[in-house]
Amino acid sequence: MFSQTGSEIAALAKHLGKWPDVIVTNNTDRNKWCKQLQELELRQKGKAYGGGTNIKVVSSIEARTANFLHGIEGCKTALVTLHGWLRIIPKDICEQYEIVNGHPGLINVHPELKGKDPQVRAYDAKHATIGSVVHKVTPIVDDGEILEWTAIYQDETDSLEDVFAKFKHTSFSSWVKFFDKEFDLA
């Protein structure tokens, strides 16, 4: 599930060779994310890797009413991953599914980085160590058990753009470690 570009999902799928069965987004601007998911759309058409990915765009009303999980209801074994999903998941949904989130803030070291724009806050606070985590989802923002994390050093000469690039790298690395462990891919 994503609210922004879906680029992380596409990069992870390509790297892991494991494609999602369903992608849910509440970003209704198809032009913003279509290029990022072009390979996944090819899969949807059955031209790559066999099978298909169902890309579902949900409205903001559906996202508010928890209908955004349409397509996986009834599948108790689904692993739901959040990649820039900018919504709180209701408690009943958290209890019904295994849901994990990638957060671009090293909240196991700096809990104050929970919530929106942790990269900017880490940069402004001049944290020497920055990184990303993958954590279980609860109805409380960025409060679930940390399942995987990646940390790197922030150089004092880094610009904010450099920090964003480093967070993108640590986020990808945390997800790869999580999926390697979850699916025994190592």
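On a predicted model such as this, the values are computed, not experimentally measured, just so you know.

Draft legend 1. Up close: the packing of helix H1 (residues 7–16) against helix H7 (residues 160–182). H7 packs onto H1 with a crossing angle of 45° between their chain directions and a minimal axis gap of 11 Å. Regarding the angle of H1 to H7, the classification is oblique. Both H1 and H7 take part in a crossing whose hand is right-handed. Between H1, through Glu 8, Ala 11, Leu 12, His 15 and Leu 16, and H7, the contact on the second element is made entirely by Ser 171, Phe 172, Trp 175, Val 176, Phe 179 and Asp 180.

Draft legend 2. Representation of the environment of Val 120. Looking at the secondary structure, you find Val 120 in helix H6 (residues 118–124). Assessed through its relative accessible area of 25%, Val 120 is described here as partly exposed. With 41 residues separating them in the primary sequence, Val 120 and Glu 161 have C-alpha atoms 9.8 Å apart.

Draft legend 3. Representation of the pattern of salt bridges in the model. Counted by the stated rule, this structure contains seven salt bridges. Put simply, Lys 91 and Glu 95 hold a salt bridge, and the shortest N to O gap is 3.9 Å. On the criterion of helical spacing, the pair formed by Lys 91 and Glu 95 is a turn pair, its members being four residues apart in helix H5 (residues 91–96). The pair Lys 91 / Glu 95 is uniform in exposure class, with both members exposed. A salt bridge links Lys 136 to Glu 145; the nearest nitrogen and oxygen atoms lie 3.8 Å apart. Here Glu 145 falls in the partly exposed class, since its relative accessible area comes to 49%. It is possible to trace a salt-bridge network through shared partners that takes in Glu 148, Lys 177 and Lys 181.

Draft legend 4. Geometry of the confidence of the model for the protein. In the predicted model, the protein carries a mean pLDDT of 80, and 75% of its residues have values of at least 70. Predicted confidence is poor over residues 45–50, with pLDDT under 50, and the contacts of this stretch with residues over four places away or in other chains come to seven contacts.

Draft legend 5. Quick look at a negative patch on the surface. Side chains of Asp 155, Glu 156, Glu 161 and Asp 162 sit close together on the surface and give a patch of like negative charge. Summarising the element assignment, Asp 155 is placed in the loop between strand S6 (146–153) and H7.

Draft legend 6. Here's a closer look at H1. Within H1, burial applies to Glu 8, Ile 9, Ala 10, Leu 12, Ala 13 and Leu 16. Once H1 finishes, Gly 17 follows within two positions and takes phi at roughly 70°, a positive value.

Parameters at a glance
- Residues numbered from 1 in each chain as written.
- Predicted model: local features only at pLDDT ≥ 70, side-chain atom pairs only at ≥ 80, totals over all residues.
- Heavy atoms only, no water.
- Axes fitted to C-alpha atoms, helices over the stretch in contact; angles between N-to-C directions.
- Helix = DSSP H or I, 4+ residues; strand = E, 2+ residues; numbered from the N terminus.
- Parallel < 35°, antiparallel > 145°, perpendicular 65-115°, else oblique.
- Left-handed = near helix turned anticlockwise from the far one by under 90°.
- Contact = heavy atoms within 4.5 Å.
- Buried < 20%, exposed > 50% of the residue type's maximum accessible area, 1.4 Å probe, protein only.
- Salt bridge = Lys/Arg side-chain N within 4 Å of Asp/Glu carboxyl O.
- pLDDT = per-residue confidence, 0-100.
- Patch = residues over 30% accessible without salt bridge, like charges linked within 9 Å, V, L, I, M, F, W, Y side chains within 5 Å.
- Areas by Shrake-Rupley, 256 points an atom, 1.4 Å probe, with all protein chains shown as cover.
- Lys, Arg positive; Asp, Glu negative; His and termini not counted.
- Charge placed at Lys NZ, Arg CZ, Asp CG, Glu CD.

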